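Here are the chains, one letter per residue:
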Amino acid sequence: MIRLIQRVPVCIPSFLIGLSLAIISASTAVALEPSDRPGLIGRPVSLQVQPASVSLNGSRAHQQLVVTGRYADGAVRDLTAACDVTFETTDVAGVDESGFLTPKKNGQTVVLVKAGGQTARIPVTVVNVEKPRVTSFRNEVIASLNVGGCNAGACHGTPSGKNGFKLSLRGFDPAADYLQLTRDVLGRRTDRQQPDASLILQKGLGVVPHEGGQRFLPSSVPVRALRDWLAEGLRDDLPATPSLKGIDILPGSRVQLAPARYQQLAVVARFSDGSVRDATRLTVFSTSDPAVADVSPTGLVQFKQAGEVAILCRYLMELQTVRLTYLEPRSGFVWTNPPENNYIDKFVFAKLKMLSIPPSETCGDAEFLRRAYLDVCGVLPTPKEVRDFLADKAKDKRAKLIDSLLERPEYADFWTLKWSDVFRSSRKAIQVKGTHVFQHWLHERIAENTGFDVLTREMLTASGSTFANPPANYYRVARDPQNLAETTAQLFFGIRMQCAKCHNHPFERWTQDDYYSMAAFFARVRHKNDPAEPGATPQQPGAEIVYDGRSGEVTQPRTGQVMKPKFMGGAVPNISPGTDRRRVLADWLASTENPFFAKSVANRIWYHLNGKGIVDPVDDFRDSNPSANDELLDALAKDFAAHKFDVKHLIRTIMNSRTYQLSAQTNAYNADDTKYFSHAVPKMMTAEQMLDAVCTVTELPEKFAGLPLGTRATQLPDGDINHPFLKTFGQPARELACECERESDSNLAQALQLINGPTLNEKLRNPNNRIGRLLSAKTSERDMLNELYLATLSRSPNEDNVKVALDHLTRAADKRKAWEDIHWALLNSKEFLFRH
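Residues numbered from 1 in each chain as written. Predicted model: local features only at pLDDT ≥ 70, side-chain atom pairs only at ≥ 80, totals over all residues. Heavy atoms only, no water.

Caption draft 1: Spatial organisation of the overall build of the protein. The helix and strand tally for the protein stands at 30 helices and 27 strands. Across its three principal directions, the C-alpha atoms of the protein cover 100 × 70 × 50 Å. Here the protein holds 836 residues, and 55% of them are scored as buried. The contacts in the protein between residues at least 6 apart in sequence include a share of 65% that link residues at least 24 apart. Looking at the protein as shown, the accessible area adds up to about 35,700 Å², and 53% of this sits on carbon and sulfur atoms. (Helix = DSSP H or I, 4+ residues; strand = E, 2+ residues; numbered from the N terminus. Buried < 20%, exposed > 50% of the residue type's maximum accessible area, 1.4 Å probe, protein only. Contact = heavy atoms within 4.5 Å. Areas by Shrake-Rupley, 256 points an atom, 1.4 Å probe, with all protein chains shown as cover.)

Caption draft 2: Structural context of helix α12 (residues 409–423). For α12, built from 15 residues, the straight-helix expectation of 21 Å at 1.5 Å per residue is met to within 8% by its first-to-last C-alpha distance of 21 Å. In the segment just after α12, Arg-424 is the residue with positive phi, at about 60 degrees. (Expected span 1.5 Å × (residues − 1).)

Caption draft 3: Highlighting the state of the cysteines. A complete count under the given rule lists 1 disulfide for this structure. Bridging Cys-738 to Cys-740, the disulfide has an S-S length of 2.2 Å. A torsion of 135 degrees about the S-S bond marks the disulfide between Cys-738 and Cys-740 as right-handed. The exposure class of Cys-738 is buried, given its relative accessible area of 9%. (Disulfide = S-S within 2.5 Å.)

Caption draft 4: Up close: the side chain of Thr-456. Looking at the element boundaries, Thr-456 is found in helix α14 (residues 452–460). At a separation of 2.7 Å, a polar atom in the side chain of Thr-456 contacts the main-chain carbonyl oxygen of Phe-452. Beyond its immediate sequence surroundings of up to four residues, Thr-456 is in contact with Phe-492, Leu-589 and Phe-597. (Polar contact = N/O pair within 3.5 Å; in protein donor to acceptor, adjacent residues only side chain to side chain.)

Caption draft 5: Spatial organisation of the pattern of salt bridges. Going through the model one piece at a time under the given rule, you end up with 56 salt bridges. With its nearest N and O atoms 3.1 Å apart, the salt bridge here joins Arg-227 to Asp-196. Placement of the pair is Arg-227 in helix α7 (residues 221–231) and Asp-196 in the loop between α5 (174–182) and α6 (199–204), with a sequence separation of 31 residues. In this structure, Lys-304 and Asp-294 form a salt bridge, with 3.1 Å as the shortest nitrogen-oxygen distance. Taken as a pair, Lys-304 in the loop between β18 (300–303) and β19 (307–315) and Asp-294 in strand β17 (residues 293–295) lie far apart in primary sequence, 10 residues in all. One salt-bridge network, held together by shared partners, links Arg-60, Arg-133, Glu-140, Arg-224 and Asp-228. (Salt bridge = Lys/Arg side-chain N within 4 Å of Asp/Glu carboxyl O.)

Caption draft 6: Quick peek at α14. Every buried residue of α14 is listed here: Phe-452, Leu-455, Thr-456, Met-459 and Leu-460. Looking down the long axis of α14, one finds its buried residues gathered within 130 degrees of arc, a one-sided arrangement. (Arc of directions from axis to C-beta.)

Caption draft 7: Molecular detail of the sheet that holds strand β13 (residues 262–264). Reading across the sheet, the 3 strands line up as β13-β18-β17 and stay open at both edges, with antiparallel pairing between neighbours. Either end of the sheet is taken by a strand with one partner, and the two such strands are β13 and β17. The sheet shows a mean angle of 15 degrees between the axes of neighbouring strands, direction not considered. As paired elements, β17 and β18 share 3 bridges and run antiparallel to each other. Within the sheet, the bridge partner assigned to Ala-293 lies in β18 and is Phe-303. (Pairing = 2+ DSSP bridges. Axes fitted to C-alpha atoms, helices over the stretch in contact; angles between N-to-C directions.)

Caption draft 8: Examining the sheet that holds strand β20 (residues 318–327) more closely. On the basis of which strands lie adjacent, the open sheet formed by 4 strands has the order β12-β20-β19-β16 and mixed pairing. Two strands bound the open sheet, and with one partner strand each, they are β12 (254–257) and β16 (284–287). Within this sheet the neighbouring strands show an average axis-to-axis angle of 25 degrees, counted without direction.

Caption draft 9: Structural view of the nonpolar core. Residues Phe-423, Phe-452, Phe-492, Phe-493, Met-568 and Ile-605 are the most contacted members of the largest nonpolar core, which totals 102 residues. In terms of residue count, the dominant contributor to this core is α12 (8 residues). The next biggest cluster of nonpolar side chains, apart from the first, holds 44 residues, and it includes Ile-249, Ala-269, Ala-293 and Tyr-315. (Core = buried A, V, L, I, M, F, W, Y, C linked by side-chain atoms within 4.5 Å.)

Caption draft 10: Representation of the environment of Ser-627 in the model. Among the secondary structure elements, Ser-627 is positioned in the loop between α19 (597–610) and α20 (630–642). Judged by relative accessible area, which is 6%, Ser-627 ranks as buried. Residues Ser-627 and Pro-617, 10 residues apart in the sequence, show an inter-C-alpha distance of 9.9 Å. A distance of 3.4 Å separates a polar side-chain atom of Ser-627 from the backbone nitrogen of Asn-629. For Ser-627, the side chain forms a polar contact with the side chain of Asp-630, separated by 2.3 Å.

Caption draft 11: A look at the packing of α19 against α20. Where α19 meets α20, the closest approach of the two axes is 8 Å, and the angle between their N-to-C directions is 105 degrees. One way to sum up the angle between α19 and α20 is to call them roughly perpendicular. Contacts between α19 and α20 involve Ala-598, Lys-599, Val-601, Ala-602, Asn-603, Ile-605 and Trp-606 on the former and, on the latter, Leu-632, Leu-633, Asp-634, Leu-636, Ala-637 and Phe-640. Considering only residue class, the contact of α19 with α20 consists of 10 nonpolar, 1 polar and 2 charged. (Parallel < 35°, antiparallel > 145°, perpendicular 65-115°, else oblique. Nonpolar A, V, L, I, M, F, W, Y, C, P; charged D, E, K, R; others polar.)

Caption draft 12: Summary view of the environment of Val-572. Relative to the assigned elements, Val-572 resides in the loop between β25 (562–563) and α18 (581–589). In this structure Val-572 comes out as partly exposed when scored by relative accessible area, which is 47%. Separated by 348 residues in the primary sequence, Val-572 and Arg-224 have C-alpha atoms spaced 42 Å apart. When neighbours within four sequence positions are excluded, Val-572 is seen to be in contact with Lys-564, Pro-565 and Lys-566.

Caption draft 13: A look at the packing of aromatic side chains. Under the definition given, this model contains 29 aromatic pairs. With a centroid separation of 5.2 Å and an interplanar angle of 45 degrees, the aromatic rings of Phe-137 and Trp-229 are classed as tilted. In this pair, Phe-137 is assigned in helix α4 (residues 137–148) and Trp-229 in helix α7, connecting sequence segments 92 residues apart. With a centroid separation of 4.7 Å and an interplanar angle of 5 degrees, the aromatic rings of Phe-567 and Trp-588 are classed as stacked. With Phe-567 in the loop between β25 and α18 and Trp-588 in helix α18, this pair connects stretches of sequence that are 21 residues apart. (Phe/Tyr/Trp six-rings, centres within 6.5 Å; stacked < 30°, edge-to-face > 60°.)

Laid out in structure tokens, this is it:
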């Protein structure tokens, strides 16, 4: 490689080369320390080298080798940077320290790879070294700009460009980029006569001032590609130039054990003419979790700690991910074989065992009772319900409790609220009456346990008056084809497509064509005012009628092409004339051909019960955001679909698992686990849950404007009820089809609301509240304290709790005020505010 760069030297002072190498190496490179070599190599039983044979075509060809040691215990280790590499004949090809093969002259030779007493032989063929190969603008120059980040969103890829220089984001429009580089501002950025004087090179190398700093090393493959293209006369690609068809990542996904904390990747590109070329140095690498592992610009992954990562590899518009897992032995760890209640535990515990993370013990009955009530119904159990459950000695009492909770009316209330949030039911979008009729329809479907595929189909295919046919309000919230495509993909497929509206998705496979093909399903949806709705005005239009207009198309803005409806990641359906396209989409929705729906909905339900999605965020399924447990998510989706998308069945299955019933109390090994469900995750009650809980424990209902006294916050049809307590604790405005709109983090405003806010304090001081009732009944202090604890924390006070409370009462001159203090303290405790 060095010999090739020296063939056409770059005119940069040696001190600047040294400085640039130091800067880039310090900031981005990952390297194998010499001290790691002996311990890493060990005694492999065999070596595997990928690719198994190498063909180098032309003087600029190259190939990244990946060397894997295989060991007697079945372990594998990457030995690419730790092995010794020689050649049977030294004049045909050479190799650098990272296993990067380059040609010297035509011929054949054998690479000898040695490590730990083992040797692997790899045949190498070199051809056409003497023949010049024209540098491809689209396949090499664009890729080089990608590697340098020149066309990233924070640099020249922004819609307005930077300092007068604009590139398409991540090279999705090579034709426009070619004009920018060769024609814009009289072509001052590129110089075919003096390539090294070109601004594109001088700024990228840091020779002249550049706001983005140095982007390339002088000896790198991207610089070589840029220089050669400049020297060859700034040629655009001919029509016959092979196009990229796909990429493969070597060695693929794998699990490695300490001390194997490195993994070299190689990227092999496949082209339309059948040729295969190494693209490792022209690939952009990124990691899904920098806290676990880093990846260098040359594809070397280094783990910082045990865990899993997905490495996203992007060459031009092709993206692939490789999943890597690194495990370290943990002193004193012994797997205890915890019992499994159902298939959920099988997959969760298998993952935990592999990662050497023992799960917590199961939670106590009082903790489970409170958790189940809050998760299923959004309410606290009454003191009597707590006493009865704790006194029950039946072994299956938890399963019976789950069954009973799923049949309570509060279940439908609470889950209607959850779905209304992301369906964006608000008076701003669908009028006050619209929120009421939509809530009634949704509540009815959830109470009847209508299959979620049927519920979704009713919304996607809805037509008619938005008041008479409430699911038609789906088309009043999202009104145009683009918004409907984004909303539908995010809600039901777990995919955020917004980026693909303007350009191909930078971190996923979705293209602009995919985006507008999805939008084409909704291109013929039309709206008109409902003349049957009395009292409608331009300011208050009342109901609308949604209907299929039978005509209308979506045009891809960049190409001008009329887009046909196309299933996401699937085929273009054959739609007969006159057929409502939405019905075709709805038919595909719950079919076995749709890989997204069952997983997305199952993952969202898991999130609501466990506080974190298996894929998290729940509406961001992508290869670069991998699930915490693929097998678990697959099993949940299959079970959900097999039971005809029965939501109650899925909730029941999850809650009966030992995983759901684990304690929030961590052990010495799982305290740092926030991903793999080794313990319960404490989560703050939602705004509506908290206000309802305050009302319940004080026995004073809240009065909401326009609604009858006794209406609970979880029964509100609208997110625009302007209640200070609800807004402070994160009630969403229902403007986004995203769970993220609901604020879940605690903040200072919430603390102030609890300490001296009117909602809590006025209920505590009201003489007709629970305290007043108990005092009027002359309840003993111990019984009264027990009642407050059972109502507020769903448990009885322990000895320390009793002593502190009774001491406070003994010292107090005003007993009523002392009881208010005690109840205030309980309502401000984390035990009350959080579901554990």
